[in-house]
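Each chain is listed here by its residues.
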Amino acid sequence: MKLLSHGENRKGIMNSELKYKKLYKKVWGKLENITPLSFDCGQLCNAKCCTGTDNNGMLLFPGEEYLYAGKGWCSVKDTNIVLSDGYVIKLLVCGGECPRNERPLSCRIFPLIPYLNEYSRVEFRLDPRSFGICPITRDPVKYPVEEVFIDRLYEVFPPLLKDGKVVEFIEILSEQYDGLMDIFRKISGD
């Protein structure tokens, strides 16, 4: 087994960083001017999804943290979510305002999350973590997510699904979704 020298290891990290930066910038670009509703949904709730504390934020998809290095408007923190290779999922924390073109993927797709169904295919579901703050998830009949938005998600996610870390992260999100939905069903008596 060949041991990597410090220079070889650094080169691999730099290649990984460049790969992720390119990947997320491409995905972000395709989601730049599209939102879940045909109007600014932040008007419904005074942008509750953009408020929080120093410990609240949005989960970053694997490798997305490279796009936030040195940004003064946010911080990146480790979570307790660890992938099988030891990679730690990051949390982006901001003061409630960010440059719109630098929003992380989780913000761009909120209040939806990717979910791996029983056929190992990605679908998009309302994120149960948004139930307490988002009018879209509280009343999806009154505020249905635009089909064009959902179609765009299905268009932009395939390149992400070629990355094993991203797929494992979505598997974890799917397990969390199932667990939260089980709790909600028990509470509601369904």
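The text that follows walks through the structure, step by step, so that each part is easy to find.

## Here's the deal with the sheet that holds strand β3 (residues 88–94)
In sheet architecture, strand pairing relies on hydrogen bonds along the backbone and comes in two forms, parallel and antiparallel.
Step number 1: If you walk across this open sheet you meet the three strands as β1-β3-β2, and the pairing is antiparallel. Where the open sheet ends on each side, the last strands, each with one partner, are β1 (58–59) and β2 (74–82).

## Some remarks on helix α6 (residues 164–188)
Step number 1: For α6, which comprises 25 residues, the first-to-last C-alpha distance of 36 Å matches the rise-based estimate of 36 Å (1.5 Å per residue) to within 8%.
Step number 2: The complete set of buried residues in α6 reads Val 166, Glu 168, Phe 169, Ile 170, Ile 172, Leu 173, Ser 174, Tyr 177 and Met 181.
Step number 3: Two or three places before Lys 165, at the opening of α6, Asp 163 has a side-chain oxygen 3.0 Å from that residue's backbone nitrogen.
Step number 4: Among the residues trailing α6, Gly 189 stands out with phi positive, at a value near 85°.

## Re a positive patch on the surface
Step number 1: Together, Lys 22, Lys 26, Lys 30 and Lys 162 line one region of the surface with positive charge.
Step number 2: Mapped onto the elements of the fold, Lys 26 is located in helix α1 (residues 6–31).
Step number 3: Of the residues examined, Lys 26 reaches a relative accessible area of 53% and is grouped as exposed.

About the cut-offs
Residues numbered from 1 in each chain as written. Predicted model: local features only at pLDDT ≥ 70, side-chain atom pairs only at ≥ 80, totals over all residues. Heavy atoms only, no water. Pairing = 2+ DSSP bridges. Helix = DSSP H or I, 4+ residues; strand = E, 2+ residues; numbered from the N terminus. Expected span 1.5 Å × (residues − 1). Buried < 20%, exposed > 50% of the residue type's maximum accessible area, 1.4 Å probe, protein only. Polar contact = N/O pair within 3.5 Å; in protein donor to acceptor, adjacent residues only side chain to side chain. Patch = residues over 30% accessible without salt bridge, like charges linked within 9 Å, V, L, I, M, F, W, Y side chains within 5 Å. Areas by Shrake-Rupley, 256 points an atom, 1.4 Å probe, with all protein chains shown as cover. Salt bridge = Lys/Arg side-chain N within 4 Å of Asp/Glu carboxyl O. Lys, Arg positive; Asp, Glu negative; His and termini not counted. Charge placed at Lys NZ, Arg CZ, Asp CG, Glu CD.

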